[in-house]
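Residue-level structure breakdown
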Amino acid sequence: ESAPAYTLRENYAPRQELFLPESEVPVRETAAEIPALIEVTKAEAEKSFDFEKLLRWEVLWLGGAALVIAKQIIAYLLFAKKLRRTLEPVNDLELRHYIRIKQRFKPEIAKSTAVNTPMLLGIKDSLLVLPKREYGCDTLNNILLHEFTHYRRGDIILKWAAMFIFAFHWFNPLCRLFVKELDKVCELSCDEKLLKNMDSRQKQSYGETLLEL
């Protein structure tokens, strides 16, 4: 038997449409409005953070750092080239004092008329350059002890590292002051280390050497 028609109508509820209030209906942009919205969003982003301006500052900063580094390296290479042309071997007395100081690694030693005070040159193949003049035994010994201490502690590497740090902070005047103070601190620290192991006579001799040079 077939089911009564009224039974089918009663089993299915009438379809109801759901309507949102007008204020809650989502707004959909048309295809013509999308490019305009993109331009507005882009303009707001550029207004809040200017990438082009930041890029200009970065270029200026890196350009200044590169200029400082290049200037320092070129000046060093020119000075080293000029200095090496004036190098002369040390005499027998100076060589004996050089050999007498027991240290596993030592820089090479030479004399030159191009320097006024003893100095170390180079990192890998370091060279100790003495001003061309006559030295007493105590004075020469104090000079060698001082410069060997600088060499053993790696003060040359420290000063080069400070130069590179200053190069990237070239705009900060305090950095230039820091580099100058670092040179002074290295010298004072070296003197202090040596004086701790000296007796009163050696201390007096070392002080006279500092005044002489």
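The present account deals with the structure reproduced in this document.

Conventions adopted
- Residues numbered from 1 in each chain as written.
- Predicted model: local features only at pLDDT ≥ 70, side-chain atom pairs only at ≥ 80, totals over all residues.
- Heavy atoms only, no water.
- Helix = DSSP H or I, 4+ residues; strand = E, 2+ residues; numbered from the N terminus.
- Buried < 20%, exposed > 50% of the residue type's maximum accessible area, 1.4 Å probe, protein only.
- Pairing = 2+ DSSP bridges.
- Axes fitted to C-alpha atoms, helices over the stretch in contact; angles between N-to-C directions.
- Parallel < 35°, antiparallel > 145°, perpendicular 65-115°, else oblique.
- Left-handed = near helix turned anticlockwise from the far one by under 90°.
- Contact = heavy atoms within 4.5 Å.
- Nonpolar A, V, L, I, M, F, W, Y, C, P; charged D, E, K, R; others polar.

Details of the environment of arginine 100
For arginine 100, the location among the structural elements is in helix α4 (residues 92-100). On the basis of relative accessible area, arginine 100 is assigned to the exposed category, the value being 54%. Distance from arginine 100 to asparagine 141, taken between C-alpha atoms, is 9.3 Å for residues 41 residues apart in sequence.

Describing the sheet that holds strand β1 (residues 108-112)
Pairing is mixed across the open sheet formed by three strands, whose spatial order is β1-β3-β2. The open sheet has two edge strands with one neighbour each: β1 and β2 (119-121). Taking each pair of neighbouring strands and ignoring which way they run, the sheet shows an average axis angle of 35 degrees. Where β1 meets strand β3 (residues 127-131), five bridges bridge the pair, whose relative direction is parallel. What sits directly across from alanine 110, in β3, is valine 129.

Observations regarding the packing of α4 against helix α5 (residues 137-153)
The description of two packed helices rests on the angle between their axes and on the distance between the axes. At their nearest, the axes of α4 and α5 sit 10 Å apart, and the two run at 45 degrees to each other. The angle between α4 and α5 places the two elements in the oblique class. α4 and α5 meet at a crossing whose hand is right-handed. Facing α4, whose interface residues are Leu93, Glu94, His97 and Tyr98, α5 presents Cys137, Leu140, Asn141, Leu144 and Phe148. Partitioned by chemical class, the residues of the contact of α4 with α5 number six nonpolar, two polar and one charged.

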